[in-house]
Structure formats: C-alpha cells, structure tokens
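Residues per chain are reported as follows:
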Amino acid sequence: REASMNNLSLFFFLSFIAISLSTPGKKEFDALRDQYEAQIPGTGVKVALKDEWTEQQRPGFNAKQDIKDGEIIFELPLDHLITSTKVISEGKELALVLDKVYKRYKNDQEHDPGYYEVFTVYLLYHKLFKPDSQWKTWLNSLPGVEDMHNSLFWNFSDLKELAGSPLFQRARDRRAEASDNYKWLKYNIFEESRDLFPRDPTKEEYNWAVSIVRSRGISIFLDGTIQSAIAPYYDQFRHKNQDIDSSYYIFNPNSKRLEITSRDDYKKGEEVFVFWGDKCNSELLDFYSFVTDDNEYDCVHIVDFLLPNDDPLIKQKRVLFERSKSSYSSFVFLMYSSSFYLEGWPN
C-alpha cells in the first residue's frame, strides 16, 4: 500500500511538471489576447488570432489599423512591468528570500549582475507555486521546456557542432555557471524556504526560468537609476532585421510607460515586427535560439591570435589593441562590411 501511494505521488509530481511547463496552445493565447485587450486598450497592435499565427505556431502582434512610420504602436504602463523594485518588495517572506539571492550575486559582475538570479527565482515561484499569480496568464503563454533551444538545453552532440567557435566555450561556461547557481539555490534557498517552495524546482525548470529572464530582460531608467525589468506582452513581438533605431523600445520617464515606435508602414492585419538589437547570429542563437539568413549585423569573433612580427602594420595594430584593452584576444569582423571593429573601440 505504501509503495502504491509513493508511486501515485510520483505520478502526480511528474504530471505537475509536465503540465506546468508544457507548450502553450490556443487556450493560453486566447487568454493572453483577452487580458491584453482588457488591460492595454488603445494600442495599435493586437495579439493575432489562431489563423493568423506565425509559422512557429505563436501569435505575434498584428496591426489593428494602418500604421505609419513614426507612430507609437505599443505602450505598457509601469504597473504591468516586472521591475527589480517591484520584485524585491513583494511580500515580506519572498522579499527576504530574494534579498538573500541578490546579495549572493550582486558582486559577480563577470557572469551575473545580481538581478538575473533574482528574476529567475521570482518567476519559478510565480509559475510553479503561486496559482493566483498576477502574471499567470502571461506565464502560461511562455514557451514550454520542449520549446527551448538555447545552449542550456543542448545535448553534447549538439554542442560539439560549435567546436571552433567562440560560442562553444561561452555555451560551456554558461552551462557550468547554471549548474553551480542551481546547486547554490537548491541548498540555500529552496530547501530553506519550504513555505514558498514546497519542493525543489528541477534543474530543467531552473534552466527554463533562466532562459526566460535572459531572453526577455530589458533595462529602464526609472527614478534616477537604471533598473532591470521584464515586459509581459512585449515579448510577443517577433524580431526582424531593420535599421538600428527601428521599432525598438524606450521607457518614457514622464508617462512611466514602455513605448515602441514603428519605423515602418504597416497595413491593417499585417504582422508588426520589432528590432531586438544589432546582434550577431551567434548572439541571437545564444540568447533567443534562432539565427537569420539576412542578418546585416552578423559577425565573426576571432580569439586567441598573435600578430606576426613581419606584419608591416604591426606597430599601428598594437597601439589599437592596447587602447581597446583587448589584450590581442578579441577581434570582430562584420560579415557584410568591408570594415572591422575592435570590441571596446569606437567604430
């Protein structure tokens, strides 16, 4: 009888994991669209209906009416943003836990600025253990574990495909870092805070939360300081290669709203895209799990090389390297440009 009860408990435990981080479908996206229309009225875009979904089977945003270049198409009020200030002030018990996490990581500037892990723990709590979370509808619309394709979820044979690329070592470092961070959180946070975390989130669940934070984290200038934040709804926009200032977000400190201004004309019903930054394909793959064929910002990082002594420009190059503090180790070629630039050196 005891063995049967244990097996039953294990079944429900595994079922809970499968359900909680499964791929969202029409039901979850319909709920997201209804909530968006109720909470954020008057914007120029709408969550797409099922027959308008992208090839990735996710809704995206479509134009409600014709949109002109320069028009504000999306505004998200401050109370709909998940900010670092809001996170560390939510509930005394949770705030104490998150403060402990922040103090552990705030000085680890090389790998983690502190709030990455704070947001990770916060999302795990709200997704897995707070059924009445105010972020429930948005959390349920996020990609599931099986939809995650960044380096934290690759197997070793996948990782070996990157051998010879700087991304190979970066991916290995990131996986090792995630394993170390998970172990620390398991023994110092989850096991010490059973009122908030009735069980330990699995390593897979932790990697899921890390991926959400890394791919959706933004920075805003609020109350005189730069704050980390996550913007629900904004992450439904898909990326498109555009000019560097095209359809990018800005936080308006006067209206206290996250704003997106279109840099293109769109007809009613067309999908509206945003620009996620001038990132190489290696960065897009690392952060967002995709690459683009026409990425004008794609580049090649060349590391750990030496200048040949017979190079006729060796003196000039050494001066440039020393000024850029690159230690001769980081050289970046734009794939679609006849020029190059040094990391840390103005173009």
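Structural data are supplied above this passage.
Residues numbered from 1 in each chain as written. Predicted model: local features only at pLDDT ≥ 70, side-chain atom pairs only at ≥ 80, totals over all residues. Heavy atoms only, no water.

Here we come to the overall build of the chain. Summing up its helical and strand segments, the chain has 11 helices and 13 strands in all. Among the 347 residues that make up the chain, the fraction classed as buried is 47%. Across the chain, contacts joining residues at least 24 apart in sequence account for 67% of those joining residues at least 6 apart. When the accessible area of the chain is evaluated, it comes to approximately 18700 Å², of which 52% is carbon and sulfur surface. (Helix = DSSP H or I, 4+ residues; strand = E, 2+ residues; numbered from the N terminus. Buried < 20%, exposed > 50% of the residue type's maximum accessible area, 1.4 Å probe, protein only. Contact = heavy atoms within 4.5 Å. Areas by Shrake-Rupley, 256 points an atom, 1.4 Å probe, with all protein chains shown as cover.)

Further remarks concern the environment of Lys100. Structurally, Lys100 is set in helix H4 (residues 92–105). Residues in contact with Lys100, not counting those within four places in the same chain, are Trp184, Asn188 and Ile189.

Our next topic: the pattern of salt bridges. Tallied over the full model, the rule gives 11 salt bridges. As a salt-bridge pair, Arg33 and Asp30 come within 2.9 Å of each other at their nearest N and O atoms. Of this pair, Arg33 and Asp30 both sit in helix H2 (residues 26–39), three residues apart, roughly one helical turn. By relative accessible area, Arg33 is classed as buried at 16%. For Arg199, the salt bridge identified is with Glu205, shortest N-O distance 3.0 Å. (Salt bridge = Lys/Arg side-chain N within 4 Å of Asp/Glu carboxyl O.)

Let us now look at a negative patch on the surface. The grouping of Asp66, Asp69, Asp265 and Glu270 at the surface amounts to a negative patch. By the secondary structure assignment, Asp66 is in the loop between strand S2 (61–63) and strand S3 (72–77). (Patch = residues over 30% accessible without salt bridge, like charges linked within 9 Å, V, L, I, M, F, W, Y side chains within 5 Å. Lys, Arg positive; Asp, Glu negative; His and termini not counted. Charge placed at Lys NZ, Arg CZ, Asp CG, Glu CD.)

With that settled, consider the sheet that holds strand S4 (residues 82–83). Taken in spatial order, the three strands line up as S4-S6-S5 in an open sheet, and their pairing is antiparallel. Of all strands in the sheet, those with a lone pairing partner are S4 and strand S5 (217–222), marking the two edges. With six bridges joining them, S5 and strand S6 (residues 225–230) adopt antiparallel strand pairing. Bridge assignment links Gly217 to a residue of S6, and that residue is Ile230. Helix H5 (residues 115–128) rests against S4 and S6 of the sheet, and its axis sits at about 35° to S6. Its contacts with the sheet put helix H9 (residues 203–216) on S5 and S6, and the angle it makes with S5 is roughly 50°. (Pairing = 2+ DSSP bridges. Axes fitted to C-alpha atoms, helices over the stretch in contact; angles between N-to-C directions.)

With that settled, the discussion passes to the side chain of Asp235. Along the chain, the position of Asp235 falls in the loop between S6 and strand S7 (238–239). At 2.8 Å, the side chain of Asp235 and the side chain of Arg216 are in polar contact. When sequence neighbours within four positions are dropped, the list of residues in contact with Asp235 reads Trp138, Leu142 and Arg216. (Polar contact = N/O pair within 3.5 Å; in protein donor to acceptor, adjacent residues only side chain to side chain.)

With that settled, consider the sheet that holds strand S8 (residues 249–252). Ordered in space as S3-S9-S8, the three strands form an open sheet in which the pairing is antiparallel. Each edge of the open sheet is held by one strand with a lone partner, namely S3 and S8. Strand after strand, the sheet turns through a mean of 25° between neighbouring axes, direction not considered.

Once that is clear, we can look at the packing of aromatic side chains. Inspection of every chain in the model, using the stated rule, returns 15 aromatic pairs. Ring centres of Tyr115 and Phe119 lie 6.4 Å apart, and the angle between their planes is 50°; this geometry places the pair in the tilted category. Separated by four residues within a single helix, Tyr115 and Phe119 lie in helix H5, roughly one turn from each other. Overall, Tyr115 belongs to the buried group, its relative accessible area being 18%. We classify Phe119 as buried; its relative accessible area is 3%. An aromatic cluster of three or more residues is present, and its members are Tyr36, Phe61, Phe74, Tyr233, Tyr234 and Phe237. Directly above the aromatic system of Trp184 lies the positively charged group of Arg104, at a separation of 5.5 Å from the ring centroid. Directly above the aromatic system of Tyr187 lies the positively charged group of Lys186, at a separation of 5.6 Å from the ring centroid. (Phe/Tyr/Trp six-rings, centres within 6.5 Å; stacked < 30°, edge-to-face > 60°. Lys NZ or Arg CZ within 6 Å of the ring centre and 35° of its normal.)

The end-to-end C-alpha distance of H2 is 20 Å, a good match for the 20 Å that 14 residues give at a rise of 1.5 Å each. Inspection of H2 places Phe29, Asp30, Leu32, Arg33, Gln35 and Tyr36 among the buried residues, and these make up the whole buried set. Those residues of H2 that are buried lie in contact with strand S1 (45–47), S2, S3 and helix H6 (136–141). (Expected span 1.5 Å × (residues − 1).)

With that out of the way, let us pick up helix H8 (residues 166–190). Taking 1.5 Å as the rise per residue, H8 with 25 residues should run 36 Å; its terminal C-alpha atoms sit 34 Å apart, in good agreement. Of all the residues in H8, the buried ones are Leu167, Phe168, Ala171, Arg174, Glu177, Ala178, Asn181, Tyr182, Trp184, Leu185, Ile189 and Phe190. Among the structural elements, H4, H5, helix H7 (156–160), H9 and helix H10 (281–288) are those in contact with the buried residues of H8.

With that settled, consider the packing of H8 against H9. Pairs of packed helices are described in terms of their axes, by the angle between the two and the distance that separates them. Running from N to C, H8 and H9 cross one another at 115°; their axes reach a closest spacing of 11 Å. For the pair H8 and H9, the sense of crossing is right-handed. Every residue of H9 that contacts H8 at Arg174, Ala178, Ser179, Asn181, Tyr182 and Leu185 is listed here: Lys203, Tyr206, Asn207 and Arg214. Partitioned by chemical class, the residues of the contact of H8 with H9 number four nonpolar, three polar and three charged. (Left-handed = near helix turned anticlockwise from the far one by under 90°. Nonpolar A, V, L, I, M, F, W, Y, C, P; charged D, E, K, R; others polar.)

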